[in-house]
Amino acid sequence: MALHVLDEANRCLGCKKPMCQQGCPISTNIPEVIRLLKAGEMDKAGRMLFENNPLTTVCSLVCDHEKQCEGHCIRNRMPSHDPVHFSVIENYISTTYANKMVAGPAPKNGMRAAIIGSGPAGLTIAVLLARWGYDITIFEARDKIGGVMRYGIPNYRLPDSVLDDFQYRHLELKGIKVRTNTEIGRTLTIDDLFRDGYKSIFIGAGLWKANAMHIKGESLGNVAFGIDYLANSKAFRLGDNVAVIGVGNSAMDCARTAIRNGARHVTCYARRDESCISASAYEVSYAKLEGVGFRFCKAPVEIRDDGLICRDTVKGEDGRFTQVEGSEKFYAHTGVIISVSQGSESSLIQTTTGIDTNQKGLLTVDPSGRTTRPGVFAGGDAVKGARTVVEAVAMAKDVAVAMDEYMKSLPADDAADPYANIPVFDTPTSDVLGEQDLKI
Ligand SMILES: Cc1cc2nc3c(=O)[nH]c(=O)nc-3n(C[C@H](O)[C@H](O)[C@H](O)COP(=O)(O)OP(=O)(O)OC[C@H]3O[C@@H](n4cnc5c(N)ncnc54)[C@H](O)[C@@H]3O)c2cc1C
Ligand code: SF4
């Protein structure tokens, strides 16, 4: 860590109207956390962080701080333009305090809720509902929890150990069950979950379908879609001169991962000019430092085994970019990563009645995350489109309150167990083996 935590904390002015807090999507009480740290009350500071944001450690590493808390810090307005780097302070407090978080499950209230998807939205809801006494099961299609935090954001920005620690402290110790390798909408559906006694269901399935560009060559063997590449980049063989189509944050992750996988040349292509880069300034500067090149005003029209054909674009007076017919050029590359955007997958929705989506395939919800089917709630990217970790957490906090209200409003479940009085047959393992007369 380059900055000394206490030096940073000492630079905080403890503003009465903290601009940093206003810039934080989940209103972290930054001056109070810093005050507690300086007063030697690290545990209180840590508790405050985790109570407000169960993913505080993740956020300290991956939030776009220069646009949020640090970008809003009043010290930016001083001639020295030196904001307090709260991300460093948050990371120190949250990782130190996390080691003390060993409390067991809260007393149960007898109601069961299901969470589909273990990205930041699903994890936040799971932690909050478990805190309030609900019996929680998370269903996750992949083999580990974390969603984009594990399978999208590269390890060099967010180490897996942060998510593994989260799983132990916030899920296992709290009695939250996790059923991995289980994609709801295939063998098990939302109707099956209601049948099995889940009173309420949260969908936090994110956006996992790479959007194609619909140009010739996308299916060639030297091409990968960004979200697939990041999930398991070592599985791809793209050679040592890689083109990345896109200049968003995901594209920067693809480019920097390709460099780490041994590519000697990586070039990002954008349809528009430099002012249209959507990746954060930090990510772009790191990519440049690591040797990533950029070509602007290039619209890819065809991918080949040995490179990419692009047409030049020009900006019109209305600010729109149009392609210049006849300006095609060939750019030699050994592999191409397409990282333009992601959309939602529909199997979950196709197997569920009563859940509406909009034209983009995003789930339709009210401001509290209620879908069009009673008892089913949704949040995160599956609702808002591609956003950020902290925004998924912020929305999930509101949805958790609505789910709690909904479940408490349900009539008491007094249906008798039809098998309450059947005989209980105990089968010791030794008996079974004996009966079978196994010859080993
Ligand atoms: C490459 C990349 C880099 C990013 N970098 C940053 C960053 O640095 N900072 C930042 O703040 N944001 C970043 N983001 C955005 C951020 O990660 C997302 O906004 C956030 O993860 C969305 O959270 P979510 O919970 O809605 O969904 P996700 O994180 O997408 O998680 C959804 C989970 O649901 C599971 N799932 C899907 N369907 C089913 C099903 N039917 N049954 C069971 N499980 C299912 C998926 O496997 C996944 O684990 C990045 C995004 C990408 C793609
Ligand atoms: S705006 Fe900056 S100086 Fe003021 S409380 Fe927040 S971090 Fe401290």
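On a predicted model such as this, the values are computed, not experimentally measured, just so you know. (Residues numbered from 1 in each chain as written. Chains lettered and ligands numbered in written order. Predicted model: local features only at pLDDT ≥ 70, side-chain atom pairs only at ≥ 80, totals over all residues.)

Overview of the overall build of the protein chain
Okay, step 1: Along its length, the protein chain carries 18 helices and 16 strands.
Okay, step 2: The buried share of the protein chain, reckoned over its 440 residues, is 41%.
Okay, step 3: A separation threshold of at least 6 residues defines the contact pool for the protein chain, and within that pool the share at least 24 residues apart is 69%. (Helix = DSSP H or I, 4+ residues; strand = E, 2+ residues; numbered from the N terminus. Buried ≥ 20, exposed ≤ 12 C-beta atoms within 10 Å, placed from the backbone. Contact = placed C-beta atoms within 7 Å.)

Quick look at the sheet that holds strand β3 (residues 177-179)
Okay, step 1: Read across the open sheet, the 5 strands follow the order β3-β2-β1-β4-β16; overall the sheet is parallel. In this open sheet, the two strands that pair with only one neighbour each are β3 and β16 (376-378). With strand direction ignored, the average angle separating the axes of adjacent strands in the sheet is 20°.
Okay, step 2: Sheet topology places strand β1 (residues 112-116) next to strand β2 (residues 135-139); 5 bridges connect them, and they run parallel. Paired with I115 across the strands is I138, a residue of β2. (Pairing = 2+ DSSP bridges. Axes fitted to C-alpha atoms, helices over the stretch in contact; angles between N-to-C directions.)

A closer look at the environment of W132
Okay, step 1: On the secondary structure map, W132 appears in the loop between α8 (120-131) and β2.
Okay, step 2: With 16 C-beta atoms packed within 10 Å, W132 lands in the partly exposed category.
Okay, step 3: Along the sequence, W132 and D404 sit 272 residues apart, while their C-alpha atoms lie 8.4 Å from each other.

A look at the site of ligand 1
Okay, step 1: Lining the immediate environment of ligand 1, one finds 39 residues, of which G117, G119, G147, G206 and G380 sit closest.
Okay, step 2: Elements with a minimum of two residues in the shell around ligand 1: α8, α9 (148-151), α12 (226-231), α13 (249-260), α16 (381-384) and α17 (389-409).
Okay, step 3: For the shell around ligand 1, the per-class residue count stands at 20 nonpolar, 13 polar and 6 charged. (Near = placed C-beta within 6 Å. Nonpolar A, V, L, I, M, F, W, Y, C, P; charged D, E, K, R; others polar.)

Here's the deal with helix α3 (residues 30-38)
Okay, step 1: Of the positions making up α3, those classed as buried are I30, V33, I34, L36 and L37. The buried residues of α3 occupy an angular sector of 160° when projected down its axis, which confines them to one face.
Okay, step 2: Looking at the buried residues of α3, the elements they touch are α1 (5-10), α2 (19-23), α4 (42-52), α6 (69-72) and α7 (86-98).
Okay, step 3: Of the residues trailing α3, G40 is marked for its positive phi of about 80°. (Arc of directions from axis to C-beta.)

As for the sheet that holds strand β7 (residues 241-245)
Okay, step 1: Taken together, 5 strands build an open sheet; the order of strands is β6-β14-β7-β8-β9 and the sheet is parallel. Lying at the two open borders of the sheet, with one neighbouring strand each, are β6 (223-225) and β9 (293-295). Strand-to-strand, the axes of this sheet are offset by a mean angle of 25°, without reference to chain direction.
Okay, step 2: Pairing between strand β8 (residues 265-269) and β9: 3 bridges, direction parallel. Among the inter-strand pairings, C268 is bridged to a residue of β9, identified as F294.

Observations regarding the site of ligand 2
Okay, step 1: As a matter of local geometry, ligand 2 sits amid 14 residues, with C12, C15, C20, C73 and V84 nearest to it.
Okay, step 2: Of all the secondary structure elements, the ones that give two or more residues to the shell around ligand 2 are α2 and α3.

Section: the pairing of strand β4 (residues 198-203)
Okay, step 1: For β4, the buried fraction is high: 6 of the 6 residues fall into the buried class.
Okay, step 2: Two strands pair when backbone bridges link them, and β1 and β4 are joined in this way by 5 bridges, in the parallel orientation. Paired with A113 across the two strands is S200, which belongs to β4.
Okay, step 3: The pairing of β4 with β16 spans 3 bridges and is parallel. Pairing of F202 across the sheet is with F377, part of β16.

Things to note about the pairing of β8
Okay, step 1: Taken together, the 5 bridges between β7 and β8 define a ladder with parallel strand orientation. Within β8, the position partnered with V242 by the bridge is V266.
Okay, step 2: This β-α-β element, β7 to α13 to β8, shows right-handed connectivity.
Okay, step 3: Running through helix α14 (residues 281-289), the crossover from β8 to the neighbouring parallel element β9 is right-handed. (Right-handed = clockwise from strand over helix to strand, strands pointing away.)

Some remarks on the packing of α3 against α4
Packed helices, taken two at a time, are described by the angle their axes make and the gap between the axes.
Okay, step 1: Close contact between α3 and α4 brings their axes to 7 Å; oriented N to C, the two are set at 155°. The pairing of α3 with α4 is recorded here as roughly antiparallel in orientation. Remark: the crossing between α3 and α4 carries left-handed chirality. Taking contact as the criterion, the partners of E32, V33, L36 and L37 in α3 are, on α4, M42, K44, A45, M48 and L49.
Okay, step 2: Partitioning the contact of α3 with α4 into residue classes produces 7 nonpolar, no polar and 2 charged. (Parallel < 35°, antiparallel > 145°, perpendicular 65-115°, else oblique. Left-handed = near helix turned anticlockwise from the far one by under 90°.)

Section: the environment of G204
Okay, step 1: With respect to the element layout, G204 can be found in the loop between β4 and β5 (209-210).
Okay, step 2: Ignoring sequence-local partners within four residues, the contact set of G204 consists of I115, I116, G117, G119, A121, G122, I125, G379, G380 and A382.

Comments concerning the environment of E391
Okay, step 1: Position of E391 relative to the elements: it lies in helix α17.
Okay, step 2: A tally of 18 C-beta atoms within 10 Å means that E391 is categorised as partly exposed.
Okay, step 3: Remark: the alpha-carbon pair of E391 and A39, spanning 352 residues in sequence, is separated by 30 Å.
Okay, step 4: Dropping the residues within four chain positions of it, E391 is found in contact with P25 and K384.

Here's the deal with the packing of α4 against α7
Okay, step 1: One way to put it is that α4 packs onto α7 with a least axis distance of 9 Å and a crossing angle of 100°. Between α4 and α7, the angle falls in the class roughly perpendicular. Contact residues: α4 offers M42, D43, A45, G46 and L49, while α7 offers E90, I93, S94, T96 and Y97.
Okay, step 2: Here the residues of the contact of α4 with α7 sort into 5 nonpolar, 3 polar and 2 charged.

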